[in-house]
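What follows is the residue order along each chain.
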Amino acid sequence: MTIKMAIPKGKLQVEIVKLLSDIGLTLQGNDRNYRPVCNDDTFEVKLLKSQNIPSLVELGQHDIGFAGKDWIEEQGANVVVLKDLGFNPVKIVACIPEEWDYQELKKRKIIVASEYKGLSKKFLADNGFDAELLRSYGATEVFPPEDADMVIDNTSTGTTIKANRLKIVDTVYESSTQFFANAETMADPEKNAIIQNMLMLMGGVLNGRKRVLIEMNCQQDNIEKIVALLPAMRSPTVSKLYKSDAFSVKAAILRTEAKDLLPRLIAAGATDILETPIRKAI
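Caption draft 1: Representation of the nonpolar core within the structure. Core analysis: the largest hydrophobic core is formed by 27 residues, its most contacted members being Leu20, Phe179 and Met198. Of all the secondary-structure elements, those providing two or more residues to this core are strand 1 (3-8), helix 1 (11-22), strand 4 (43-48), strand 5 (64-68), strand 12 (177-181) and helix 7 (189-209). If you tally residues by element for this core, the top one is helix 7, at six residues. Setting aside residues up to four positions removed in sequence, Phe179 forms contacts with Ile64, Gly65, Phe66, Val80, Val81, Leu82, Lys83, Leu85, Ile195, Met198, Leu199 and Met202.

As structure tokens, this is what we get:
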């Protein structure tokens, strides 16, 4: 049995390959190789443009794939979305020249350039525009003002938009990287079981990346104060130290909370504090 996996080539590739490595699937190949070899021969991997992956997974050319939610929506791809990985969060935005009036554009026919014909068509109709939609093939932000009145494009920081003297006037869609599968693949019990295991391990890795394990010692007089401070996943682990009345305390906490929490624990009487990264938290 083989599970065909499609991975987007480009900037998303790095994060996805790292995630797969962290769940135990390592890929080998050079930058020009579109068919990297996986250490688990159950998986046959191919690198493709992100835009092509949803439709190919829907058609059954690949069992599972990764791509932005925007491309799944743009293509209307009938796939089973398994997990929002949160990688590469972007907004699809409508932009016009910075000195123009947005409302004035609704009073005349305009030209709109975008790679997203489906999303753009819906947005323009919903917002009452009389528009001619022009399909762009990259570098969409260079069209205004000579070749288009508006562009609809993706952005993560807005830097490129500002650099081209454009302003964002509306948000069309919000997107991040999704892990998804072919519907017939998910109906196959053997393949489904393997994919569900992948999903569990991915969730564990992503959860682990958000957390750290803190361990500390404390005297009996301080244990209640310290436990009350700890926002653990369930409850902290508390155990007696060998031949002592003191305690050892462990808790998995959000990484973002550690900076403020550690001084408070010390003030409450915690000693010998260790902070350790977590590879997986399931």
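Caption draft 2: The arrangement of the packing of aromatic side chains in detail. The full count for this structure, using the stated rule, is four aromatic pairs. Look at Phe66 and Phe179: their rings are 5.0 Å apart centre to centre, the planes differ by 25°, and that puts the pair in the stacked class. Residue Phe66 is found in strand 5, and its partner Phe179 is found in strand 12; the two are separated by 113 residues along the sequence. When its relative accessible area of 0% is taken as the criterion, Phe66 is described as buried. What makes Phe179 buried here is its relative accessible area of 0%. Relative to Tyr116, the ring of Trp71 has its centre 4.6 Å away and its plane inclined at 20°; by these criteria the two rings are stacked. Residue Trp71 is located in helix 3 (residues 69-75), and its partner Tyr116 is located in the loop between strand 8 (110-114) and helix 4 (117-126); the two are separated by 45 residues in the primary sequence. With respect to burial, Trp71 and Tyr116 carry one shared label: buried. Taken together, the ring pairs connect Tyr102, Phe123 and Phe129 into an aromatic cluster.

Caption draft 3: Inspection of helix 1 at higher detail. For helix 1, every residue scored as buried is listed here: Leu12, Ile16, Leu19, Leu20 and Asp22. Angular distribution of buried residues about the axis of helix 1 spans 160°; they occupy a single face of the element. Opposite the buried face of helix 1, at more than 90 degrees from it, the exposed residues are Lys11 and Val14. Check the buried side of helix 1 and you find it contacts strand 1, strand 2 (27-28), strand 5, strand 12 and helix 7. Immediately beyond the C-terminal end of helix 1, within one or two residues, lies Gly24, with a positive phi of roughly 105°.

Caption draft 4: Here's a closer look at the environment of Thr271. By the element assignment, Thr271 lies in strand 16 (residues 271-277). Each C-alpha atom of the pair Thr271 and Cys218 lies 6.0 Å from the other, and the pair is 53 residues apart in sequence. Those residues in contact with Thr271, other than ones at most four positions away along the chain, are Met216 and Asn217.

Caption draft 5: Representation of the side chain of Ser176 in the model. Here Ser176 shows up in the loop between strand 11 (166-175) and strand 12. Residue classification places Ser176 among the buried residues on the basis of a relative accessible area of 10%. A distance of 2.7 Å separates polar atoms of two side chains, one belonging to Ser176 and the other to Asp84. Residues in contact with Ser176, not counting those within four places in the same chain, are Ala67, Gly68, Lys69, Asp84, Gly86, Phe87, Asn88 and Pro89.

Caption draft 6: Region of the structure containing the side chain of Asn222. Tracing the chain through its elements places Asn222 in the loop between strand 13 (211-218) and helix 8 (223-229). The class of Asn222 is buried, set by a relative accessible area of 16%.

Caption draft 7: Representation of the confidence of the model for the chain within the structure. The share of residues in the chain with pLDDT of 70 or more is 99%, and the mean pLDDT across the chain is 93. When pLDDT is averaged over each element of the chain, strand 12 comes out on top at 98 and helix 5 (residues 159-163) at the bottom at 91.

Caption draft 8: Highlighting the layout of surface pockets. Roughly 700 Å³ of volume is contained in the largest pocket. In terms of lining, the largest pocket is formed by 32 residues, of which the most central are Lys11, Trp71, Asn88, Tyr116 and Asn154. Counting residues per element, the lining of the largest pocket draws most heavily on strand 10 (residues 150-155), at four residues. For the lining of the largest pocket, the per-class residue count stands at eight nonpolar, 17 polar and seven charged. Lining of the second largest pocket is provided by 13 residues; of these, Arg35, Glu44, Val45, Lys46 and His62 occupy positions nearest its centre.

About the criteria used
- Residues numbered from 1 in each chain as written.
- Predicted model: local features only at pLDDT ≥ 70, side-chain atom pairs only at ≥ 80, totals over all residues.
- Heavy atoms only, no water.
- Core = buried A, V, L, I, M, F, W, Y, C linked by side-chain atoms within 4.5 Å.
- Buried < 20%, exposed > 50% of the residue type's maximum accessible area, 1.4 Å probe, protein only.
- Helix = DSSP H or I, 4+ residues; strand = E, 2+ residues; numbered from the N terminus.
- Contact = heavy atoms within 4.5 Å.
- Phe/Tyr/Trp six-rings, centres within 6.5 Å; stacked < 30°, edge-to-face > 60°.
- Arc of directions from axis to C-beta.
- Polar contact = N/O pair within 3.5 Å; in protein donor to acceptor, adjacent residues only side chain to side chain.
- pLDDT = per-residue confidence, 0-100.
- 1 Å grid on protein atoms, 1.4 Å probe; cavity = no way out; pocket = protein on both sides within 12 Å on 5 of 7 lines; lining within 4 Å.
- Points joined across faces, edges and corners; volume = space filled by probe spheres on them.
- Nonpolar A, V, L, I, M, F, W, Y, C, P; charged D, E, K, R; others polar.

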